[in-house]
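In case you want the letters, here they are:
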Amino acid sequence: MSGSTAPAGPLQGALRLLDYWATVYRRTWRGSIVSSFVTPLLYVLAMGVLLGGFVEADAETLEGATSYLAFVVPGMVAATSMTTVVGEVTYPVMAMVKWNKTYYSMTATPLSVPDVVLAHLGFVAFRVAVTAAVFLAVTAPFGVYASLPGVLAAFVAQVLIGMAFAAPLYAFSAGLRDESAFSIVFRLGMIPMFLFSGAFFPVSNLDAPLEALAVATPLWHGVDLTRMLVLGLPDWSMVLVHVAYLAVLVVLGWWWAVRRLTRRMVL
Amino acid sequence: MTPITGAVATGLILQRNFIAYRRAWWIFATGFLEPVFYLFSIGVGVGALISGFEVGGREIPYAEFVAPGMLAASAMNGAVLDSTFNFFFKLKYSKLFDQMLATPLTTTDIARGELAWSLLRGGVYSLGFLLVMLAMGLVSSWWAVLVVPAALLIGLAFGGVAMALTTWMRSWQDFELVTLTTLPMFLFSATFFPVTTYPGVLRWVVEATPLYRGVVLCRELTTGAVSWDSAFSVVYLVAMGVAGLLVARRRLDSLLLT
């Protein structure tokens, strides 16, 4: 088939945007150091080390963790995966669609909407992978990780957790007309999840209805998965449940993202 | 020649902000929730794992310890947010201040009016938070009625200085520095645990930060452990706020009028 420049599929199309995202990352990586790295590390120091010194640690009340530090570090790892992607798929997506209209330039070439979505989400996956790798490496000296395979599995889990948030929220942002809804996403979605989904204290400390609500959030699944993996206490049936839940979010999010962005830009 | 008085000018700017926010009232309303969420999560959830701390010679439950810290920290965060992001946007992007100066308003009016709006907003949040504390039984002294003015003072101090510093900012990238300053204060200024946790010099450093002064002031008021130290905190915060405002006015003069 000579003459056609159309990519054979979304993966091939997305790869053609590699240079675009590489350029973006070269220009912006410094700005992400504070939000995706310094912030969670300060939380680990303040909450885990200093406040944790006042917590009467008991594996029974701390879901198997033998110190509050060991409890809170995996919680912060998973919560950071969430906050990293939320920052990447809210305002930046709106900028691509509405403000600087970069997506329109991309789709004016032989690239299609699925190519563009895959490339953007691929970049987000890369961002969360870098953040998680650095964060896991830097928190290793705190001595709370049980084994290297556990930490490596937790690293893979972080990419899954990140994408479980990124894909649906990307879809939401892609169809949004006005950025003020993002304040609601942050204040009524991200912050309550950060605070109540088991990162800082066991959700069993909540009242029964609130505990049920917390357990239903994707972040709880992410926190519990990460904690079991890094502390070396995996309950394999629960691991399966967490992975399945997060994977379903990724798939549904992807489907919704392509549909919503196509409607916004093409139809 | 001053065609309108300072009070009228401040009133006009307040009215302008009120109208601008009326369509996005839920942004205003949800801002109140953040410190309450932190109180329930850290104070109650994490507090269940901690026996409590000694303040003013008596042991108080952890939630009662952390609540005034949250109040002070949210007064700081609210004021800083208003006088950095929002102020920068109005200064550089929407050119709102240039438009205001085309009217009889002066740069002093702008600095004072914007700060007044930020304080009004902060005051509403503080009052709401105090009511939540009362409902949860976390207030043990009548001095607590002064905690709203104390929060306003924290707002004045941080708002004034942040507004002055914002006039030097070049782009949104510089706002990383705002987070780099306020976040460590939020986490380490005896908000979540007593200052006695720190050894030697480190403790002095913490005690010298403005948020620490605000946190202990609020804690002294809600627990009734008021002393001369409280007066020192008040003087510290007033001086900081006034200095910030004076610098902000001079900078606005040189940025907008020359």
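About the cut-offs
- All residue numbers refer to position in the chain's written sequence, counted from 1.
- Chain letters and ligand numbers both follow the written order, the letters beginning at A and the numbers at 1.
- Local features in this predicted model are restricted to residues whose pLDDT is 70 or higher, and side-chain atom pairs enter the listing and the counts only when it is 80 or higher, whereas totals over whole chains, interfaces and linings include all residues.
- To obtain the side-chain values, all non-hydrogen atoms of the structure were used and water was disregarded.
- Going along the chain from the N terminus, every DSSP run of H or I of four or more residues is numbered as a helix, and every run of E of two or more is numbered as a strand.
- Atoms counted for the radius of gyration: C-alpha only. Globule rule: 2.2 Å times the number of residues to the power 0.38.
- Residue exposure (1.4 Å probe, protein chains only): buried if accessible area is under 20% of the type maximum, exposed if over 50%, otherwise partly exposed.
- By the convention used here, residues are in contact when the closest approach between their heavy atoms is within 4.5 Å.
- Every accessible area reported is derived by Shrake-Rupley at a probe size of 1.4 Å, with residue values counting cover from the shown protein chains alone.
- Counting rule for charge: Lys and Arg are taken as positive, Asp and Glu as negative, and neither His nor the chain ends is counted.
- We put the charge of a Lys on NZ, of an Arg on CZ, of an Asp on CG and of a Glu on CD.
- Working convention: axes come from line fits to C-alpha atoms, limited for helices to the stretch in contact. Angles between N-to-C directions cover 0 to 180 degrees.
- Reported orientations rely on four angle classes, namely roughly parallel under 35 degrees, roughly antiparallel over 145, roughly perpendicular from 65 to 115, and oblique for the rest.
- Residue classes follow a fixed rule: Ala, Val, Leu, Ile, Met, Phe, Trp, Tyr, Cys and Pro count as nonpolar, while Asp, Glu, Lys and Arg count as charged, and any other residue, Gly among them, counts as polar.
- To estimate how far a helix should extend, the number of its residues minus one is multiplied by 1.5 Å.
- Here's the idea: put two parts together, see how much 1.4 Å probe accessible area each one loses, and the total over both is what we call buried area.
- Any Lys or Arg side-chain nitrogen found within 4 Å of a carboxyl oxygen on Asp or Glu counts as a salt bridge.
- Distance and chemistry together define a polar contact, namely a pair of N or O atoms within 3.5 Å, with one atom able to donate a hydrogen and the other to accept it when in protein, and with adjacent residues in sequence counting only for side-chain atoms on both sides.
- By nonpolar core we mean a set of buried residues, namely Ala, Val, Leu, Ile, Met, Phe, Trp, Tyr and Cys, connected to one another through side-chain atoms within 4.5 Å.
- UniProt positions are given in the numbering used here, feature names are shortened, and annotations may be inferred rather than shown by experiment.
- Scored from 0 to 100, pLDDT records how confident the predictor is in each individual residue.

Chemist: Explain the overall build of chain B to me, please; I cannot follow it from the model alone.
Modeler: Broken down by element type, chain B carries 11 helices and two strands. Ordering the α and β elements of chain B from the N terminus gives α-α-α-β-β-α-α-α-α-α-α-α-α. The C-alpha radius of gyration of chain B comes to 19 Å, within 12% of the 18 Å expected for a compact globule of 258 residues. Oriented by its inertia axes, the alpha-carbon framework of chain B measures out at about 60 × 40 × 35 Å. Considering chain B as a whole, with its 258 residues, one finds that 53% of them fall into the buried category. Long-range pairs, those at least 24 residues apart, make up 77% of the contacts in chain B between residues at least 6 apart in sequence. When the accessible surface of chain B is split by element, carbon and sulfur atoms take 69% of a total near 11700 Å². Across chain B, the 16 positively charged side chains and the 14 negatively charged ones have centroids separated by 10 Å.

Chemist: Got a minute to help me understand the overall build of chain A in this structure?
Modeler: Of the regular secondary structure elements, chain A holds 12 helices and zero strands. If you list the helices and strands of chain A from N to C, you get α-α-α-α-α-α-α-α-α-α-α-α. Computed over C-alpha atoms, the radius of gyration of chain A comes to 20 Å, within 12% of the 18 Å expected from 2.2 N^0.38 for 267 residues, which places it in the range of a compact globule. Seen along its three principal axes, the alpha-carbon backbone of chain A occupies a region of about 70 × 35 × 35 Å.

Chemist: Help me out: how do you make sense of the packing of helix H3 (residues 31-50) of chain A against helix H8 (residues 175-188) of chain B in this one?
Modeler: Geometry of a packed helix pair, given as the angle between the helix axes and the separation of the axes. Running from N to C, H3 of chain A and H8 of chain B point in directions that differ by 5°, and their axes come no closer than 10 Å. In terms of orientation, H3 of chain A lies roughly parallel with respect to H8 of chain B. Here Gly31, Val34, Ser35, Val38, Thr39, Leu42, Tyr43, Leu45, Ala46, Met47 and Leu50 of chain A of H3 of chain A come into contact with H8 of chain B, specifically with Glu176, Thr179, Leu180, Leu183, Pro184, Phe186, Leu187 and Phe188 of chain B. Residues of the contact of H3 of chain A with H8 of chain B, tallied by class, amount to 14 nonpolar, four polar and one charged.

Chemist: What is the right way to read helix H7 (residues 147-166) of chain B from this model?
Modeler: Residue pairs spaced three or four apart in an α-helix point in one direction, given the helix's 3.6 residues per turn. With 20 residues, H7 of chain B should cover 28 Å at 1.5 Å per step; its first-to-last C-alpha distance of 28 Å lies within 8% of that length. Along H7 of chain B, 16 of the 20 residues are buried, which leaves the element largely enclosed by surrounding structure.

Chemist: Looking at this structure, I do not really get the interface of chain A and chain B. What am I missing?
Modeler: Size of an interface: often given as the accessible area lost when the parts come together. Between chain A and chain B, the residue contacts involve 32 residues of the former and 33 residues of the latter. Overall, the association of chain A and chain B removes approximately 2800 Å² of surface from exposure, summing both partners, and the carbon and sulfur fraction of that is 78%. Looking only at chain A, the three residues that lose the most surface to chain B are Leu51, Phe54 and Arg187 of chain A, adding up to 22% of its buried area. In this assembly, chain A and chain B are joined by zero salt bridges. The tally of links between chain A and chain B comes to four residue pairs in polar contact (both at pLDDT 80 or more). Sorting elements by how many residues they give to the side of chain A that touches chain B places H3 of chain A first, with 11 residues. For the side of chain A that touches chain B, the per-class residue count stands at 24 nonpolar, six polar and two charged.

Chemist: Help me understand the pattern of salt bridges, please; the structure alone is not making it clear to me.
Modeler: Should their charged atoms come close, side chains of opposite charge can pair. Under the criterion given, the structure shown has nine salt bridges over all chains. The closest approach of N and O atoms between glutamate 88 of chain A and arginine 127 of chain A, which form a salt bridge, is 2.8 Å. With glutamate 88 of chain A in helix H4 (residues 68-88) and arginine 127 of chain A in helix H7 (residues 113-139), this pair connects stretches of sequence that are 39 residues apart. The burial state of glutamate 88 of chain A is the same as that of arginine 127 of chain A; both residues are buried. Two residues, arginine 121 of chain B and aspartate 82 of chain B, come together in a salt bridge whose shortest N-O distance is 3.6 Å. With arginine 121 of chain B in helix H6 (residues 107-135) and aspartate 82 of chain B in helix H4 (residues 62-93), the pair connects residues that are 39 residues apart, well separated along the chain.

Chemist: Honestly, the nonpolar core in this entry has me stumped. Any pointers?
Modeler: What tends to happen in soluble globular proteins is that the nonpolar side chains get buried as a cluster. Residues Tyr43, Tyr170 and Phe200 of chain A together with Phe186, Leu187 and Phe192 of chain B are the most contacted members of the largest nonpolar core, which totals 165 residues. Looking at this core, the element that brings in the most residues is H4 of chain B, giving 16 residues.

Chemist: What is the right way to read unusual backbone geometry from this model?
Modeler: Note: most peptide bonds trans; most residues except glycine with negative phi. Phi is positive for lysine 95 of chain B, which is not a glycine, with a value near 55°. The class for lysine 95 of chain B is partly exposed, based on a relative accessible area of 42%.

Chemist: Would you mind going over the UniProt feature "transmembrane region" (unreviewed entry) in chain B with me for this structure?
Modeler: Residue and element names in this part refer to chain B. Here the UniProt-annotated "transmembrane region" (unreviewed entry) positions come out as residues 24-50, 70-89, 115-136, 142-165, 177-195 and 230-248. As annotated, residues 70-89 comprises 100% helix and 0% strand, and the C-alpha atoms at either end are separated by 27 Å. Helix makes up 63% of residues 177-195 and strand 0%, and the two end C-alpha atoms of the span are 24 Å apart.

Chemist: What exactly am I supposed to notice about the UniProt feature "transmembrane region" (unreviewed entry) in chain A here?
Modeler: On the UniProt side, "transmembrane region" (unreviewed entry) is annotated at positions that read residues 33-55, 67-95, 116-138, 150-172, 184-203 and 236-258 of chain A here. The straight-line gap between the two end C-alpha atoms of residues 33-55 of chain A is 30 Å; of that span, 78% is helix and 0% is strand.

Chemist: Could you clarify how one ought to interpret the side chain of threonine 182 of chain B in this entry?
Modeler: Residue placement: threonine 182 of chain B occurs in helix H8. Not counting residues within four places of it along the chain, the set of residues in contact with threonine 182 of chain B comprises Met76, Asn77 and Val80 of chain B.

Chemist: Please clarify how the UniProt feature "domain: ABC transmembrane type-2" (unreviewed entry) in chain A should be interpreted in this entry.
Modeler: In the numbering adopted here, UniProt assigns the feature "domain: ABC transmembrane type-2" (unreviewed entry) to residues 31-264 of chain A. The span residues 31-264 of chain A shows a helical share of 76% and a strand share of 0%, and its end C-alpha atoms are spaced 30 Å apart.

Chemist: Just to check I follow, could you spell out the confidence of the model for chain B for this structure?
Modeler: All names here are of chain B. When pLDDT is averaged across chain B, the result is 90; 99% of the residues are at 70 or more. Per-element confidence in chain B is highest for helix H10 (residues 210-223), whose mean pLDDT is 96, and lowest for helix H2 (residues 25-30), whose mean pLDDT is 78. Both scores are given for the predicted complex: the pTM is 0.90, the ipTM 0.89.

Chemist: I tried to follow the UniProt feature "domain: ABC transmembrane type-2" (unreviewed entry) in chain B on my own but got confused; where do I start?
Modeler: Within this numbering scheme, the UniProt entry marks residues 26-255 of chain B as carrying the feature "domain: ABC transmembrane type-2" (unreviewed entry). Between the first and last C-alpha atoms of residues 26-255 of chain B the distance is 33 Å; the span itself is 74% helix and 3% strand.

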